[in-house]
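Each chain, written out:
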Amino acid sequence: MIAITNVRLIDGKGGLFEDATVIVDGADIYDVSTTDAGQIPAGAQIIDGNGMTMLPGLIDCHDHLASMGYGLADKWGLTEPLSQRHLRIASVLKQTLETGYTTVRDGGGLDAGFRMAVDEGLVPGPNLQVVLDIITPTGGIGDHASPSGYHHPAPPNPSLPNSVADGPTAARAKVREMILGGADAIKTGTTGGASSRPGLGPKDLHMGRDELEAIVDEAHAHRKRVMCHALGGPGLRMAVEVGVDSIEHGTHLDEDPDILPLMVENDVFYIPTFSVYIYHRAQGTPHGRARSEELLEHHVKSLQMAMEAGVKIVTGTDAGGWVHGNNAQEISCLVGAGMSPMEAIISATGRAAKCLGLDDRIGAVETGKSANLILVDSNPLDDVTTLEEGRSVRFVMKGGETVVDML
Ligand SMILES: [Zn+2]
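None of the values given here were measured: they were computed from a predicted structure.

Peer 1: Looking at this model, I keep getting lost on the domain arrangement of the protein chain. Mind explaining?
Peer 2: Interfaces are frequently sized by the accessible area removed from exposure as the parts join. Domain boundaries in the protein chain define domain 1 (2-56 + 364-405) and domain 2 (58-327). Spacing between the C-alpha centres of domain 1 and domain 2 amounts to 32 Å. Taken together, the two surfaces of domain 1 and domain 2 that pack against each other cover about 970 Å², and 59% of this comes from carbon and sulfur. Ranking the residues of domain 1 by area buried against domain 2 places N372, E389 and K398 at the top, with a combined share of 43%. The interface formed by domain 1 and domain 2 holds zero salt bridges in total. Inspection of the region where domain 1 meets domain 2 yields four residue pairs in polar contact (both at pLDDT 80 or more). Contributing elements (two or more residues each) for the side of domain 1 that touches domain 2: strand 5 (53-56), strand 15 (393-398) and strand 16 (401-405). Among the elements that make up the side of domain 1 that touches domain 2, the one with the highest residue count is strand 15 (four residues).

Put into structure tokens, the structure is as follows:
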């Protein structure tokens, strides 16, 4: 057993305790004491956490850990040998874990082998959920075609099925193919975005309602959640109405405020992904920059209206194609857009666990949960930016195993 004493505890569910002791037994949290430290079992190893703040291991509900750029050659896997790419991804996994992220849901591009390798202990990394790739019709956000409509003749990675499906029957079959390939959740998209091709903008619908209904129905039949990339316009409304489980981006929710109560009623999570647009604005294509500039005001307003309406908001960076290792930037973004630091931390812990359907095991520091814990040498409630790039992280434990110890 390990007893971590004298910590300020932010428990991931809104609780704040100034002098807590947390006891870990094997892979799980055995006891959390917030009143006195006199209950330490004999023989337990004691870690003095004086001056430290403990949080649950952080969770990113939307990243792209295998993504290293937005160019076509990158999407087709032509910029380096596959082996080198896979080792690069392994280093990203390690880096992400060491910055305090013990769970990440990948929004496309990462094959199931990475999850299996982490679970087997071959490489250090966060616990992963993968979707493999984004199911959309021809020309949609998941169609990695050239500007002339040319498709790469062979898949760059045989572990990632081609994600294009036209018509409800093909869309349904594609969901089955992703699940067969090891997908933990299903990803689709109903609109363009900042980085999508010219002519497919943030409010342009590119999928039929019958196709989306087939995807959601089939995914739910397999008890898989559906992440849906949707920025605004009719595709955003359709996604909420059909019953996806999370809206990714939702930059123009402010223009359709009557969707918000429906999101609350249907239990649809909102993952705004502010981080990625910082990079699209600064480094994107000319049309990507213009789109990201245009949506900024709507995006902030959308978050504030969603908070007001009681929509469940969780963190996801979506920033993999631009940067790795700064998943906590999204926590800062939420605070910058008007969320309190405590709420933003819940969005990256307890509520994020609910979004992934893992709240029975992770997302909170409480008895019986998996021992995913971090210690930081700051009080993030005073300044959440101290979490960025793992700057304040001094200790990381995943499933009871210490993976970073700089105490
Ligand atoms: Zn994404």
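The rest of the description comes next.
Peer 1: Help me understand the nonpolar core in this model?
Peer 2: Soluble globular proteins: nonpolar side chains tend toward being buried together. By size, the foremost hydrophobic cluster in this structure holds 71 residues, and its most contacted members are I186, V244, I247, M263 and I331. In terms of residues, this core owes the most to one element, helix 6 (residues 234-242), which gives five residues. Each of domain 1 (2-56 + 364-405) and domain 2 (58-327) contributes no fewer than three residues to this core. Filtering out sequence-adjacent residues up to four positions away, I247 remains in contact with C228, A230, L236, A239, V240, M263, V268, F269, Y270 and I271. Ranked by size, the runner-up nonpolar core spans 17 residues in total, among them I2, I29, A371 and L373.

Peer 1: Mind showing me how you'd approach the layout of surface pockets here?
Peer 2: Considered as a void within the structure, the second largest pocket measures approximately 220 Å³ in volume. Every residue along the wall of the second largest pocket is listed here: T103, R115, D119, N127, L128, Q129, L358, R361, I362, S370, N372 and G399. Residue assignment for the lining of the second largest pocket shows that the elements contributing at least two residues are helix 3 (112-120) and strand 8 (127-129). Examining the composition of the lining of the second largest pocket, we find that three residues originate from one element, strand 8, more than from any other. When its residues are assigned to classes, the lining of the second largest pocket shows three nonpolar, six polar and three charged. Structurally, the lining of the second largest pocket is a two-domain feature, drawing no fewer than three residues from each of domain 1 (2-56 + 364-405) and domain 2 (58-327).

Reading the values: the criteria
Residues numbered from 1 in each chain as written. Predicted model: local features only at pLDDT ≥ 70, side-chain atom pairs only at ≥ 80, totals over all residues. Heavy atoms only, no water. Domains from an automatic or database assignment. Buried area = accessible area lost by both parts, 1.4 Å probe. Salt bridge = Lys/Arg side-chain N within 4 Å of Asp/Glu carboxyl O. Polar contact = N/O pair within 3.5 Å; in protein donor to acceptor, adjacent residues only side chain to side chain. Helix = DSSP H or I, 4+ residues; strand = E, 2+ residues; numbered from the N terminus. Core = buried A, V, L, I, M, F, W, Y, C linked by side-chain atoms within 4.5 Å. Buried < 20%, exposed > 50% of the residue type's maximum accessible area, 1.4 Å probe, protein only. Contact = heavy atoms within 4.5 Å. 1 Å grid on protein atoms, 1.4 Å probe; cavity = no way out; pocket = protein on both sides within 12 Å on 5 of 7 lines; lining within 4 Å. Points joined across faces, edges and corners; volume = space filled by probe spheres on them. Nonpolar A, V, L, I, M, F, W, Y, C, P; charged D, E, K, R; others polar.

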